[in-house]
Every structure is written in structure tokens, then in C-alpha cells.
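Structure at a glance
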Amino acid sequence: MSQTDNIFSQPLQKVDSFSFDQQVVQVFPDMIKRSVPGYEKIINSIAMITQRCAQDNSNLYDLGCSLGAATLSMRRGLAEKQGCEIISVDNSSAMVETCQQYIQAYKSDVPVTVLQDDICNIKIENASVVVLNFTLQFLTPEKRLSLLTNIYNGLLPGGVLILSEKFIFEDQTSHQLLIDLHLDFKRSQGYSELEISQKRSSLDNVLISDTVEQHYQRLQEAGFKHNDLWYQCFNFGSILSIKD
């Protein structure tokens, strides 16, 4: 059962770089719900996209699966599909262990394999839906194109990539307003100024965001010709990319 996120509620002598360790795992559902505006909308919509876009006898991938929220959403969307399998991958042993427990708690005929591995090591094959839900931003920028190219090459024609990210914006006036709105959202969720400040310091140089335009350019380079922002709330959003 998820606990309340109070990791940064007390003053820390040293703020360590953010990592998906056991401490984060215990509070992760609460943390992401209170930190990412629109997160639940994105998760619920993944089931709808899966229902329409998943192909019979294909693989679906949740890369950077954390506790499996997107995996479970894809599973719901596969109710009328035949012969599909979900492969969920995360490099955090704490995340993978708890994710497996969550997956097993929900009965379904759709098989799910949860792997502890670097998502850059996974060969994407026979895929109709791939999800990168707030994952790419934690990879170093030089690894991002290679991963997206691997995904594109492993997708079937008509297959889709759901890419959710925190964005930055070239127009500084818009950028600052959207940041301020995000901070207001976190305050409305009960986070203190100390928590907001310390978590921001923890994420420095760990979470590196791109502009929407940078994402589009990289997706085009990977091979995707159809890329559009299907959801945005403040400086968070999700892109849908379709393989011809």
C-alpha cells in the first residue's frame, strides 16, 4: 500500500541526486499523482489508445515501467485482443520487485513479463504499442535517439509509441508561466516550499527535459513521420507517434 510522500519534508544537510530506490518506491504512487498534473488522465488514456492500436499476436512494451501503472492500463485495453504479451522493464530492483506484486494482484489472461534491465539493452520486436511514460527524460540526451530508433525498428506498421514527458519551452515568458503553474499545482497538493525546493535540487542533472520541437525532431530522425501532442497540462504532456 502506498505511503504519503514526505521524503523531502524535513531539512536535509545534503540533498542527494534523485534515484528510484526503496524509499521512493514506498511513496511513488502518491509522489507522482501529486507531482505530475494530468498523470491519471494519461494513464487512463493509455488503455483507450491500446484498445484501438494494439494488434493481435503482438508485443507491447512499458519501458521504465516503475510500479506498472501503464502496464495495467495497457492490459485493460487488451481485453478484446488475442495473443498479446506485455514486456515491462525497469532498471530499479526495488521498482521491479513491487511492480511484479502489483501485476500479480490483478487477474488477467494477458501475460506480463517484468524485467530488471536497462531499457537501452532491450530489443524491441513484433511490437504494436510501446510506452515511454516519463522515462526518456531520465536518459542522458546522447542515448535518446538510439532508443527511439530501436523502438521504431521494432514496431509493426501502424504501431504506436506513447511518449510522455516534462517539457521546457523556448519562449521564456510562456516557459516561466507554465513552471509557476506547475509549482502552484504542487502547492495545491500539499507540498511545502521546502519539499518543492529540495526535490528540485535532487532532480538537477538527473531529469533533463527537452522542448516539444526537440522531441519531434528526434522522433523524425528515428523514423517516425506522424508525431502529435495528444495531451498537455502545464509543462507536462504526451506525444503519440505512429509508424507508417
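Residues numbered from 1 in each chain as written. Predicted model: local features only at pLDDT ≥ 70, side-chain atom pairs only at ≥ 80, totals over all residues. Heavy atoms only, no water.

Side note on the overall build of the protein chain
Going by this rule: Labels follow the DSSP assignment, with helices taken as runs of H or I lasting at least four residues and strands as runs of E lasting at least two, numbered in each case from the N terminus. Every radius of gyration here is taken over C-alpha atoms, with the globule rule written as 2.2 Å times N^0.38, N being the number of residues. Three exposure classes are used, based on accessible area relative to the maximum for each residue type with a 1.4 Å probe and protein chains only: buried under 20%, partly exposed in between, and exposed over 50%.
Helix and strand counts for the protein chain come out as eight helices and eight strands. For a compact globule of 244 residues, the expected C-alpha radius of gyration is about 18 Å, and the protein chain comes in at 18 Å, within 12% of that figure. In terms of its C-alpha atoms, the protein chain occupies a principal-axis envelope of roughly 50 × 40 × 30 Å. A burial count over the protein chain gives 51% of its 244 residues as buried.

Notes on the packing of helix H1 (residues 22–35) against helix H6 (residues 172–188)
We count it as follows: Note on geometry: axes are lines fitted to C-alpha atoms, helical ones only across the stretch in contact, with angles between N-to-C directions running from 0 to 180 degrees. Throughout this description, any angle smaller than 35 degrees is read as roughly parallel, any larger than 145 degrees as roughly antiparallel, any in the 65 to 115 degree range as roughly perpendicular, and the remainder as oblique. Contacts: residue pairs with any heavy atoms within 4.5 Å of one another. Residues are sorted three ways: Asp, Glu, Lys and Arg are charged, Ala, Val, Leu, Ile, Met, Phe, Trp, Tyr, Cys and Pro are nonpolar, and all the rest, Gly among them, are polar.
Packing of H1 against H6 leaves a shortest axis separation of 8 Å and a crossing angle of 135°. Looking at the two axes, H1 sits oblique to H6. Across from Lys33, Arg34 and Ser35 in H1, the residues of H6 making contact are His182, Phe185 and Lys186. Per-class residue counts for the contact of H1 with H6 are one nonpolar, two polar and three charged.

Considering helix H4 (residues 93–105)
Operational definition: What a helix is expected to span follows from its residue count: subtract one and scale by 1.5 Å.
An ideal rise of 1.5 Å per residue puts 18 Å on 13 residues; H4 measures up with 19 Å between its terminal C-alpha atoms. Of all the positions in H4, only Ala94, Met95, Val96, Thr98, Cys99 and Ile103 are classed as buried. On its buried side, H4 packs onto H1, helix H3 (69–77), strand S2 (85–90) and strand S3 (112–116).

Quick notes on the packing of aromatic side chains
So the rule is basically this: Centres within 6.5 Å are what make two rings of Phe, Tyr or Trp a pair, Trp counting through its six-membered ring; a difference in plane orientation under 30 degrees is then read as stacked, over 60 as edge-to-face, and the rest as tilted. Working rule: Lys NZ or Arg CZ, within 6 Å of ring centre, within 35 degrees of ring normal, means a charge sits over the ring.
Inspection of the entire model under this criterion finds seven aromatic pairs. Where Trp230 meets Tyr231, the ring centres are 5.9 Å apart and the plane angle is 45°; that geometry is what we call tilted. Residue classification places Tyr231 among the buried positions, given a relative accessible area of 18%. Of note, Lys186 hangs over the ring of Tyr191, and the distance from its end group to the ring centre comes to 5.7 Å.

Things to note about the pairing of strand S5 (residues 155–168)
We apply this condition: Paired strands are those between which DSSP finds at least two bridges. With its strands directed away from the observer, a crossover is right-handed exactly when the path from the first strand over the helix to the second travels clockwise.
Summarising the sheet, strand S4 (residues 127–133) and S5 pair through six bridges and their orientation is parallel. Paired with Val129 across the bridge in S5 is Val160. Between the parallel elements S4 and S5, the chain passes through helix H5 (residues 141–154) in a crossover that is right-handed. Pairing between S5 and strand S8 (residues 236–242): seven bridges, direction antiparallel. Note that in S8 the partner of Ile162 across the bridge is Leu240. Bridge analysis of S5 against strand S6 (residues 210–211) gives two bridges, and the strand direction is parallel. Each residue of the ladder has a partner; that of Phe167, found in S6, is Asp210.

None of the figures reported here should be taken as evidence of function without further support.
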